[in-house]
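# Summary of structural features
Here are the chains, one letter per residue:
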Amino acid sequence: GAVVSQHPSRVICKSGTSVKIECRSLDFQATTMFWYRQFPKQSLMLMATSNEGSKATYEQGVEKDKFLINHASLTLSTLTVTSAHPEDSSFYICSARVNTDTQYFGPGTRLTVL
Amino acid sequence: GESVGLHLPTLSVQEGDNSIINCAYSNSASDYFIWYKQESGKGPQFIIDIRSNMDKRQGQRVTVLLNKTVKHLSLQIAATQPGDSAVYFCAEIFTGGGNKLTFGTGTQLKVEL
């Protein structure tokens, strides 16, 4: 099956710093990738849709200047959390769309902001 | 039973019993539904899907039932095993609305030996 990787799997950073998370489709190309955030004991919430070669589409309430998304190639999307604060601590999960209906999920990145 | 606040609803079953996990979806226009399994610290894993023109679909040890009248999905797991312990999410897609997944709240399944 299709494999999606994320790097890093865990990151701890100081408040005010920026953190970049990578999402890669390893054995297929994905024009569309999605970024989700998941707080403990809660569901996945879609943050944004990342489209290769164009600007990301953000969900209502998600600050585009805080969560920078770049989809520079058909196998890589990055999410940069800028000026991170403790409330940004969460589990960030990406997915890559294979066809109209099918998304494969990455293993997630645990971000802890001190 | 169910809990409130930041706790997921929990279903506890004995190993070997059948499990039924329920989900209420929100959009009557959704036409594609998926069940995912999420183990602690990992991303969601596809289990089974169903389209809105069906009311039942079976996989290996799993069955999904769809009741569009009341916007209800269920996931049945036969002969539940310890490895089935995880959080289960239903997700809905409205293919005419950008094909974005909307996840339900999730249910924690605990399999007791």
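Refer to the structure above for everything that follows.
Here the structure is a predicted model, which means the values were calculated and not measured.

## Examining the side chain of Thr80(A)
- Note that Thr80(A) resides in strand 8 (residues 76-81).
- When sequence neighbours within four positions are dropped, the list of residues in contact with Thr80(A) reads Ser18(A), Val19(A), Lys20(A), Lys66(A), Phe67(A) and Leu68(A).

## Describing the sheet that holds strand 2 (residues 19-24) of chain B
Residues and elements named next belong to chain B.
- Pairing within the open sheet is antiparallel, and its four strands lie in the order 2-7-6-5. The two strands at the open ends of the sheet, each matched to only one other strand, are strand 2 and strand 5 (56-58). Neighbouring strand axes in the sheet, compared pairwise and without regard to direction, differ in orientation by 15° on average.
- Of the strand pairs in this sheet, strand 5 and strand 6 (residues 62-67) are connected by three bridges, and their pairing is antiparallel. Each bridged residue has a counterpart across the sheet, and for Gln58 the counterpart in strand 6 is Thr63.

## Let's talk about the nonpolar core
- Formed by 24 residues in total, the largest nonpolar core has its most connected members in Trp35(A), Phe67(A), Leu79(A), Tyr92(A) and Leu111(A).
- Mapped by element, the contributors of at least two residues to this core are strand 2 (10-13), strand 3 (19-25), strand 4 (32-38), strand 5 (44-51), strand 7 (67-73), strand 8, strand 9 (90-97) and strand 11 (109-113) of chain A.
- Look past the residues within four positions of Leu111(A) in its chain and what remains in contact with it is Val11(A), Cys13(A), Val19(A), Val81(A), Asp88(A), Ser89(A), Ser90(A) and Tyr92(A).
- Grouped together as the second largest cluster of nonpolar side chains are 19 residues, Trp35(B), Leu75(B), Tyr88(B) and Val111(B) included.

What counts, and at which threshold
- Residues numbered from 1 in each chain as written.
- Chains lettered and ligands numbered in written order.
- Predicted model: local features only at pLDDT ≥ 70, side-chain atom pairs only at ≥ 80, totals over all residues.
- Heavy atoms only, no water.
- Helix = DSSP H or I, 4+ residues; strand = E, 2+ residues; numbered from the N terminus.
- Contact = heavy atoms within 4.5 Å.
- Pairing = 2+ DSSP bridges.
- Axes fitted to C-alpha atoms, helices over the stretch in contact; angles between N-to-C directions.
- Core = buried A, V, L, I, M, F, W, Y, C linked by side-chain atoms within 4.5 Å.
- Buried < 20%, exposed > 50% of the residue type's maximum accessible area, 1.4 Å probe, protein only.

These results come straight from atomic positions and should not be treated as a statement about function.
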